[in-house]
Amino acid sequence: MKTQSKIWMNGKLVPYNNAKVHVLTHALHYSTAIFEGIRCYNTPKGPMIFRLPEHVERLFKSARMYSMKMPYNKNEISQGIINTVKASKLKECYIRPLAYYGHGVMGLTPTPNKVEVAIACWEWNAGESSAGKTRGARCKVSSWLRIDSRSQPMQAKAASNYANAALARVEALRDGYDEAIMLNYHGKVSEGSAENIFIVNNGKISTPPLNAGILDGITRDSVIKIARSEGLEVIERDIDREDLYVADEVFMTGTAAEVKSVTEIDNVPVGNGKPGEITRKLQDTFFEVSRGKDERYLDWFTPVA
Ligand code: PMP
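Residues numbered from 1 in each chain as written. Predicted model: local features only at pLDDT ≥ 70, side-chain atom pairs only at ≥ 80, totals over all residues.

Student: Got a sec to walk through the packing of helix α5 (residues 218–229) against helix α7 (residues 277–290)? Specific residues and values, please.
Tutor: At a minimum axis separation of 10 Å, α5 and α7 run at an interaxial angle of 110 degrees. By the angle between their axes, α5 is roughly perpendicular relative to α7. α5 and α7 meet at a crossing whose hand is right-handed. Here α5 contributes S222, V223, I226 and A227 to the contact with α7, which in turn contributes L282, T285, F286 and V289. Split into classes, the residues belonging to the contact of α5 with α7 amount to six nonpolar, two polar and no charged. (Axes fitted to C-alpha atoms, helices over the stretch in contact; angles between N-to-C directions. Helix = DSSP H or I, 4+ residues; strand = E, 2+ residues; numbered from the N terminus. Parallel < 35°, antiparallel > 145°, perpendicular 65-115°, else oblique. Left-handed = near helix turned anticlockwise from the far one by under 90°. Contact = placed C-beta atoms within 7 Å. Nonpolar A, V, L, I, M, F, W, Y, C, P; charged D, E, K, R; others polar.)

See below:
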């Protein structure tokens, strides 16, 4: 992380080393935070943020689901994101807006505390999401079930959802896999610990519906739109665990992961054990689209300059 970069905190860009919170910050104890994960890409027209309005919209929806009153409007947050990226001078980065209950009154009830907002960005380094791009990812069906909307709003990108996801991720890594695939309380496939999932059979693409307890992924939406415009059929349907083992191809999508192929699940090779043809095609197309090299999708970008 570049320590010379600036972080937007409650409307002001502050030096990286000054962007601190109090140890009694409510969110640190009770997970009362919502956030976003966005990418800025270096396109032929300069640094551009991918699907910024959709991410800002989802941030505000996450806040609404928790009755969290955002102290800034969508315009101010979008501008804050642009200014943070601009100040970083990075041409490509990952952007993290975060809204959380601050410190002041300790106890479960968050509302006596102020809602604080921070926006940080850092250089993207494929790191934990590299498996599946350079080679196929090896996944494990987690022993942890994905919590669902009967317990907390899963459409919200809330910090609290990630305790469940991190258990699955850590279990998968500890067992020698690259990523977890989580089933929901109905035994249906939901998503990876931080990615949506798709399967391909006889050239047709399927993905779990939103009511499978998944995040309404913006990459998921982009890939569905790209696939359909390439003439591929995409349906949202319940997917059973056994569907994973007999799929011709499996891939995952996410802002960090982009499109990553899954070539092994529970030590069973997916298809011929190599990244599939449709996965590769979508991976390549998404790569071009996200780098601003496909004229058809330029309206998905917000310039930083
Ligand atoms: N599901 C979960 C649980 C995630 O954390 C993410 C990453 N934000 C996704 C799906 C993919 O969503 P997106 O494509 O919007 O990044």
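Student: Hey, could you go over the site of the ligand for me, with residue numbers and the actual values?
Tutor: L215, G217, I218, T219 and T255 are the nearest of the 14 residues found near the ligand. Residue assignment for the shell around the ligand shows that the elements contributing at least two residues are α5 and β14 (249–254). Counting residues per element, the shell around the ligand draws most heavily on α5, which supplies three residues. For the shell around the ligand, the class distribution of residues is four nonpolar, seven polar and three charged. (Near = placed C-beta within 6 Å.)

Student: Describe in detail α7, supporting the description with residues and values.
Tutor: Between the first and last C-alpha of α7 there are 20 Å, a value that for 14 residues agrees with the 20 Å anticipated at 1.5 Å per step. A positive phi of about 70 degrees marks G292, the residue just after α7. (Expected span 1.5 Å × (residues − 1).)

Student: I'd like a description of the nonpolar core, backed by residues and values.
Tutor: Ranked by size, the top nonpolar core spans 72 residues in total, and within it I49, I81, V85 and V250 carry the most contacts. Tallying contributions element by element places strand β7 (residues 115–122) first for this core, with six residues. Split by domain, this core shows at least three residues from each of two domains, domain 1 (6–125) and domain 2 (129–290). Excluding its chain neighbours within four sequence positions, the residues that come into contact with I81 are I38, I49, L52, I95, P97 and I119. (Core = buried A, V, L, I, M, F, W, Y, C linked by C-beta atoms within 7 Å. Buried ≥ 20, exposed ≤ 12 C-beta atoms within 10 Å, placed from the backbone. Domains from an automatic or database assignment.)

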